[in-house]
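Listed here are the chains, written in short residue letters.
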Amino acid sequence: MQTISITPSENKKQKPADDSLVFGRQFTDHMFIMDYEEGRGWYDPRVVPYQPLEMDPAAMIFHYGQTVFEGLKAYRTKQDTIQLFRPAENIKRLNRSNARMCIPTLDESMALEAIQTLVDIDRDWVPHKEGTSLYIRPFVIATEPYLGVSASKTYTFMIILSPVGAYYEAGINPVKIAVENEYIRAVKGGTGEAKTAGNYAGSMIAQENVAKKGYAQVLWLDGHERKYIEEVGSMNVFFKIGDKVVTPHLSGSILPGVTRKSVIQLLKDWGITVEERPILLSEILDAHKNGQLEEAFGSGTAAVISPMGELFYNDQSYVINHHTTGALSKRVYDTLTGIQYGTVDDPHNWIVDVPKK
Ligand SMILES: *Cc1c(COP(=O)(O)O)cnc(C)c1O
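The protein appears in an unreviewed UniProt entry as Branched-chain-amino-acid aminotransferase from Halolactibacillus miurensis. Under the Cofactor (unreviewed entry) heading, UniProt states for the protein: "pyridoxal 5'-phosphate". UniProt, in its Sequence similarities (unreviewed entry) section for the protein, records the words "Belongs to the class-IV pyridoxal-phosphate-dependent aminotransferase family."

Printed below as a string of structure tokens:
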């Protein structure tokens, strides 16, 4: 494996206070970078001071959006060790996204070492306060200066880090969600399964529209029939109907979340029936009418679990669990965050340490 060279920063930044952290606005002292050239492969892995990039304006990323990204976190434990949650899942997904976008795949153990090396050198940036973490953003961009529509022959893989505050400052809190009727996020055969920029650029308009009406996120329907539930915002979605939990199956247009996979595993561990299958919006609304819809929540790395307190569809509001967090949602949240911060047993070996060099 290629050795990662390290150029330490000579101008260390002032670190923000743990209680002033906002998502994604401040970055640490270093970044990871590695290049690719057709015929040569990935080369020159290096940790360097965080700095702007110099790029050709014709670089293909700017024109055709050939790019992928990931999102995961590093957590500080009570023993002051730093740990990652299922990083291999994110790296595998990064490579699946790469394959979809005609980007050359990365060596998975190299990518993990890159994350560990970078987080280690900036380990003092992992905040201490409860619920805080260091967000890790790996991404790949197409860099060849060429305006033809074809896959780039050169790429850059980078990782940047951003300290983030507790998602729930005042305790886990249900949000209002509006069903999106006009726009769709993805279709089978499209790029919805990949974490690629265009999916997010294309969904901002729906998010802006519902935000004006006081909703936190949109609930996406399938692009084909607009009847089936896909995701909520950029989270996967779960519904507790009676004794069982249902979640949309990975149909080809849904992002396969690491949190989603972990939630399903926990529920199974607890003996709860989980069904991964197509879910009609009408089924959920019927369950609500019958008093069977007990809980609903989104799942993703940022919030872990985001309970839904209200669903808005066709001029009608459907309040879920009296706008409060359900017992199962809370149990999933407490268990997952407990594993992430090292206060709860980790029976599936999801935790990977960031060793101190
Ligand atoms: C990243 C993402 C998720 C959640 O994935 P996690 O691995 O759980 O963070 C869900 N949906 C979309 C569209 C996403 O981009």
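Still to come is the rest of the account.
(A) Inspection of the overall build of the protein at higher detail. When its secondary structure is counted, the protein shows eight helices and 18 strands. In terms of overall dimensions, the protein is globule-like: its C-alpha atoms have a radius of gyration of 21 Å, near the 21 Å expected for 357 residues. In the protein, once contacts between residues fewer than 6 apart in sequence are set aside, the share between residues at least 24 apart is 71%. When the accessible surface of the protein is summed, it comes to about 16400 Å², and 49% of that surface belongs to carbon and sulfur atoms. Each charge class in the protein was averaged separately, 37 positive and 44 negative side chains, and the resulting centres sit 2 Å apart.

(B) A look at the packing of helix α2 (residues 87–100) against helix α3 (residues 108–121). In contact at an axis separation of 10 Å, α2 and α3 are set at 125 degrees when each is read in the N-to-C sense. Between α2 and α3, the angle is such that the two are oblique. You can see that α2 and α3 cross each other, and the crossing is right-handed. Contacts between α2 and α3 pair Pro87, Ile91, Lys92 and Asn95 from the former with Glu108, Ala111, Leu112 and Ile115 from the latter. Tallied by class, residues from the contact of α2 with α3 come to five nonpolar, one polar and two charged.

(C) Looking closely at empty space enclosed by the protein. Counting across every chain of the model gives three cavities of 30 Å³ or more. Considering only enclosed or pocket space, the largest cavity measures out at about 70 Å³ in volume. Lining the largest cavity are Gly71, Leu72, Lys73, Tyr75, Phe85, Asn90, Val258, Thr259, Thr301 and Gln340. Within the lining of the largest cavity, the residues separate by chemical class into four nonpolar, five polar and one charged.

(D) Region of interest: the UniProt feature "modified residue: N6-(pyridoxal phosphate)lysine" (unreviewed entry) in the protein. With numbering aligned to this structure, UniProt lists the feature "modified residue: N6-(pyridoxal phosphate)lysine" (unreviewed entry) at Lys195. Assignment of secondary structure puts Lys195 in the loop between β9 (175–179) and α4 (197–201). We classify Lys195 as buried; its relative accessible area is 14%. Other than its neighbours up to four places away in sequence, Lys195 contacts Thr67, Val68, Phe69, Glu70, Gly71, Arg93, Ser97, Tyr200 and Leu255.

(E) How the structure looks around the pattern of salt bridges. This structure, assessed with the given rule, holds 16 salt bridges. Note that Lys261 and Glu89 form a salt bridge whose closest N and O atoms lie 3.1 Å from each other. One end of the pair, Lys261, is in helix α6 (residues 258–269); the other, Glu89, is in helix α2, and 172 residues separate them in sequence. Since its relative accessible area comes to 40%, Lys261 is described here as partly exposed. Note that Glu231 and Arg185 form a salt bridge whose closest N and O atoms lie 3.1 Å from each other.

(F) The arrangement of the site of the ligand in detail. The local shell around the ligand holds 14 residues, among which Lys195, Tyr200, Glu231, Thr259 and Thr301 are the closest. Note that an oxygen atom of the ligand is positioned 2.8 Å from one of the side-chain N or O atoms of Arg93. Out of a free accessible area of 380 Å², the ligand has 95% covered by protein chains. More than half of the atoms belonging to the ligand lie within 2 Å of the grid points that define the largest pocket. The residue makeup of the shell around the ligand, split by class, is four nonpolar, six polar and four charged.

(G) Looking closely at the nonpolar core. If you look at the biggest cluster of nonpolar residues, it comprises 34 residues, and the most contacted ones within it are Phe32, Val119, Ile136, Phe157 and Ile159. Sorting the residues of this core by element identifies β2 (30–37), β3 (41–49), β5 (72–76), β6 (82–85), α2, α3, β7 (133–142) and β8 (154–164) as the ones contributing at least two each. The leading source of residues in this core is α3, at six residues. What Ile136 contacts, discounting residues up to four positions off in sequence, is Glu70, Gly71, Leu72, Lys73, Ala74, Leu84, Ile115, Val119, Ile159, Ile160 and Leu161.

Reading guide: rules and limits
Residues numbered from 1 in each chain as written. Predicted model: local features only at pLDDT ≥ 70, side-chain atom pairs only at ≥ 80, totals over all residues. Heavy atoms only, no water. UniProt positions renumbered as here; feature names shortened; annotations may be inferred. Helix = DSSP H or I, 4+ residues; strand = E, 2+ residues; numbered from the N terminus. Rg over C-alpha atoms; globule rule 2.2 N^0.38 Å. Contact = heavy atoms within 4.5 Å. Areas by Shrake-Rupley, 256 points an atom, 1.4 Å probe, with all protein chains shown as cover. Lys, Arg positive; Asp, Glu negative; His and termini not counted. Charge placed at Lys NZ, Arg CZ, Asp CG, Glu CD. Axes fitted to C-alpha atoms, helices over the stretch in contact; angles between N-to-C directions. Parallel < 35°, antiparallel > 145°, perpendicular 65-115°, else oblique. Left-handed = near helix turned anticlockwise from the far one by under 90°. Nonpolar A, V, L, I, M, F, W, Y, C, P; charged D, E, K, R; others polar. 1 Å grid on protein atoms, 1.4 Å probe; cavity = no way out; pocket = protein on both sides within 12 Å on 5 of 7 lines; lining within 4 Å. Points joined across faces, edges and corners; volume = space filled by probe spheres on them. Buried < 20%, exposed > 50% of the residue type's maximum accessible area, 1.4 Å probe, protein only. Salt bridge = Lys/Arg side-chain N within 4 Å of Asp/Glu carboxyl O. Near = heavy atom within 4 Å. Polar contact = N/O pair within 3.5 Å; in protein donor to acceptor, adjacent residues only side chain to side chain. Sits in = over half its atoms within 2 Å of the grid points. Core = buried A, V, L, I, M, F, W, Y, C linked by side-chain atoms within 4.5 Å.

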